[in-house]
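# Commentary on secondary and tertiary structure
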Amino acid sequence: MCAEACLSLDEITLQAVEKDVQIRRLPMRAKRKAATQKLSTRLVQLLPNTPRRNQYDDAWGCSHRLIEYQECIRSWGYCHRRICTVCASIRQAHIIGSYDFHQLPDPHFVTLSARNITADRLTERIQEYEDVWRKEMQALQKKNRRQKRDKISGLRKLEITYNDTHGKWKNTYHPHFHVLISGSANAEELRATWLQYWGDEASHLAQDVRACDESTMLEMSKYETKLAITADPNSDDVVRAIDVIVGALFGKRTLQPFGDFKKHEPEDQFEKDYGEPVANWEWNARRGMWLVNGQRDQPRDYQFDRTSKGYKKVELIELAPQLTTPKPDQLRLFESKDWVWYERDGR
């Protein structure tokens, strides 16, 4: 992974933020990383032969190292995987900052869906959704041109939820589109043509049309693998469902602008010279935090304070040597050319 890509992701959330503020925000990022490691561990344990094993290993090691400079702290080594909550939170901020629904005339928020389906039909249903969407938009755009109306513009988001608790729909999947579209008439016509295609497969009440407000972009930027469940999220069924969803979304573009609604590209801010690093922070999986490993000319060391729920400066932390040989009760989770990580089962 190139340095420019790593820094650009980090700049999205940490741009123009003082280092002390960054440090106070680290506990929340640590929670996301710990949650991702827990989920990826469950996926690897339950589905050791899954073809997506490399994705889960990458997510486990995401943002493993922080590099501290004199003025700021930067993360190094993002995985860009769908199950990673660290990357997902950055992606969410990037979407909110890159698209402005106020640019659209009379923006409306539309939800399009059909009946829940089982895992074996999920990939086929997503492809059908995309085919139907393409035909409907071509027809609507052609109609607007004939009537000399403005071009239809907006943003489309694909999302999948999993249901394991509600009667006959137990263990089913619910792919659906969230659409940000210009004009109330276009929104209503889009819903009408969608219902016409799906017939009894789609409920009129489930196809929602409403005017946009400030919460719209939050809805548009949510994680693609959001789980709509009330049962234990650590259950085996839920873990398998996540693997199914990740597999179905492989190679799919979940966020798609259309018409004249363009992404706003921020000005280049990544050529700033931060100088020499003053410390490296290594992730410690057992303690669920980053600890300083090694020192530079100006060593600064921080340790997580559970009382104040934040990081504080302490004396130099001596880390135990990394394990190089697994013990019987340990599971090999992540490996690269530079290090090998192990974690005890159940911890």
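The shown structure was predicted, so the numbers you read here are calculated from the model rather than taken from an experiment. (Residues numbered from 1 in each chain as written. Predicted model: local features only at pLDDT ≥ 70, side-chain atom pairs only at ≥ 80, totals over all residues. Heavy atoms only, no water.)

### So, helix α8 (residues 236-248)
- Between the first and last C-alpha of α8 there are 18 Å, a value that for 13 residues agrees with the 18 Å anticipated at 1.5 Å per step.
- What α8 keeps buried is the set Val-238, Val-239, Ala-241, Ile-242, Asp-243, Ile-245, Val-246 and Ala-248.
- Looking at the buried residues of α8, the elements they touch are α2 (19-46), α3 (53-60), α5 (122-146), β4 (154-163) and β5 (172-182). (Helix = DSSP H or I, 4+ residues; strand = E, 2+ residues; numbered from the N terminus. Expected span 1.5 Å × (residues − 1). Buried < 20%, exposed > 50% of the residue type's maximum accessible area, 1.4 Å probe, protein only. Contact = heavy atoms within 4.5 Å.)

### Let's talk about the sheet that holds strand β1 (residues 65-68)
- Read from one edge to the other, the open sheet built from four strands follows the order β2-β1-β8-β9, with strand pairing classed as antiparallel. One side of each edge strand has no neighbouring strand; the edge strands of this open sheet are β2 (73-76) and β9 (289-292). Between one strand axis and the next, the sheet turns by 30° as a mean value, whatever way the strands run.
- Bridge count between β1 and β2: four bridges; the pairing is antiparallel. Paired with Glu-68 across the bridge in β2 is Ile-73.
- Across the sheet, α2 lies against β1, β2, β8 (279-284) and β9, angled at about 30° from β8, the strand it touches most. (Pairing = 2+ DSSP bridges. Axes fitted to C-alpha atoms, helices over the stretch in contact; angles between N-to-C directions.)

### Examining the packing of aromatic side chains
- Under the definition given, this model contains 11 aromatic pairs.
- Between Tyr-129 and Phe-177 the ring centres are 5.4 Å apart and the planes differ by 55°, which places this aromatic pair in the tilted class. Taken as a pair, Tyr-129 in helix α5 and Phe-177 in strand β5 lie far apart in primary sequence, 48 residues in all.
- An angle of 65° between the planes, with centres 5.9 Å apart, marks the rings of Trp-133 and Phe-177 as edge-to-face. (Phe/Tyr/Trp six-rings, centres within 6.5 Å; stacked < 30°, edge-to-face > 60°.)

### Some details on the sheet that holds strand β7 (residues 255-258)
- Here five strands make up an open sheet; going across it, the order is β6-β3-β5-β4-β7 and the pairing antiparallel. Each having just a single partner strand, β6 (208-211) and β7 make up the two edges of the open sheet. Taking the axes of each pair of neighbouring strands and ignoring which way they run, one obtains an average angle of 20° across the sheet.
- Of the pairings in the sheet, the one linking strand β3 (residues 107-113) to β6 comprises four bridges and is antiparallel in character. Within β6, the residue paired with Phe-109 across the bridge is Arg-210.
- Along the sheet, helix α6 (residues 184-198) makes contact with β3, β5 and β6, crossing β3 at roughly 10°.

### Concerning the packing of α2 against α8
- The interhelical angle for the contact between α2 and α8, taken along N-to-C directions, is 95°, at an axis separation of 10 Å. Taken as axis vectors, α2 and α8 run roughly perpendicular relative to one another. Side by side, α2 and α8 meet where Leu-39, Arg-42, Leu-43 and Leu-46 of the first sit next to Asp-236, Val-239, Arg-240, Ile-242 and Asp-243 of the second.
- Classifying every residue of the contact of α2 with α8 gives five nonpolar, no polar and four charged. (Parallel < 35°, antiparallel > 145°, perpendicular 65-115°, else oblique. Nonpolar A, V, L, I, M, F, W, Y, C, P; charged D, E, K, R; others polar.)

### Digging into the packing of α2 against helix α4 (residues 85-98)
- With their axes 8 Å apart at the nearest point, α2 and α4 run at an angle of 130° to one another. If you check the angle between α2 and α4, you find them oblique. On the side of α2, the interface is formed by Arg-29, Arg-32, Lys-33 and Thr-36, while α4 contributes Thr-85, Val-86, Ser-89 and Ile-90.
- Tallied by class, the residues present in the contact of α2 with α4 amount to two nonpolar, three polar and three charged.

### Things to note about the state of the cysteines
- Summed over the entire model, instances satisfying the criterion amount to zero disulfides.
- Unpaired in this structure, Cys-84 has its nearest cysteine sulfur neighbour in Cys-62, at a distance of 3.6 Å.
- In this structure Cys-84 comes out as buried when scored by relative accessible area, which is 1%. (Disulfide = S-S within 2.5 Å.)

### With respect to the confidence of the model for the protein chain
- For the protein chain, the mean per-residue pLDDT works out to 76, and 73% of the residues sit at or above 70.
- Long-range and interchain partners of residues 294-306, a stretch whose pLDDT sits below 50, account for 47 contacts in this model, where long-range means more than four residues apart.
- Here residues 308-347 is modelled with pLDDT under 50, and outside its nearest four sequence neighbours on either side it reaches 86 contacts, counting other chains as well. (pLDDT = per-residue confidence, 0-100.)

### Description of the pairing of β8
- Of all the six residues making up β8, five are buried; the element is thus mostly covered by neighbouring parts of the structure.
- Relative to β8, β1 runs antiparallel, the two sharing four bridges. Looking at the pairing, Glu-68 lines up with Ala-279 of β8.
- Pairing between β8 and β9: four bridges, direction antiparallel. Paired with Glu-282 across the two strands is Leu-291, which belongs to β9.
- From the end of β8 to the start of β9, which pair antiparallel, there are four residues, and Gly-288 there has a positive phi angle of about 65°.

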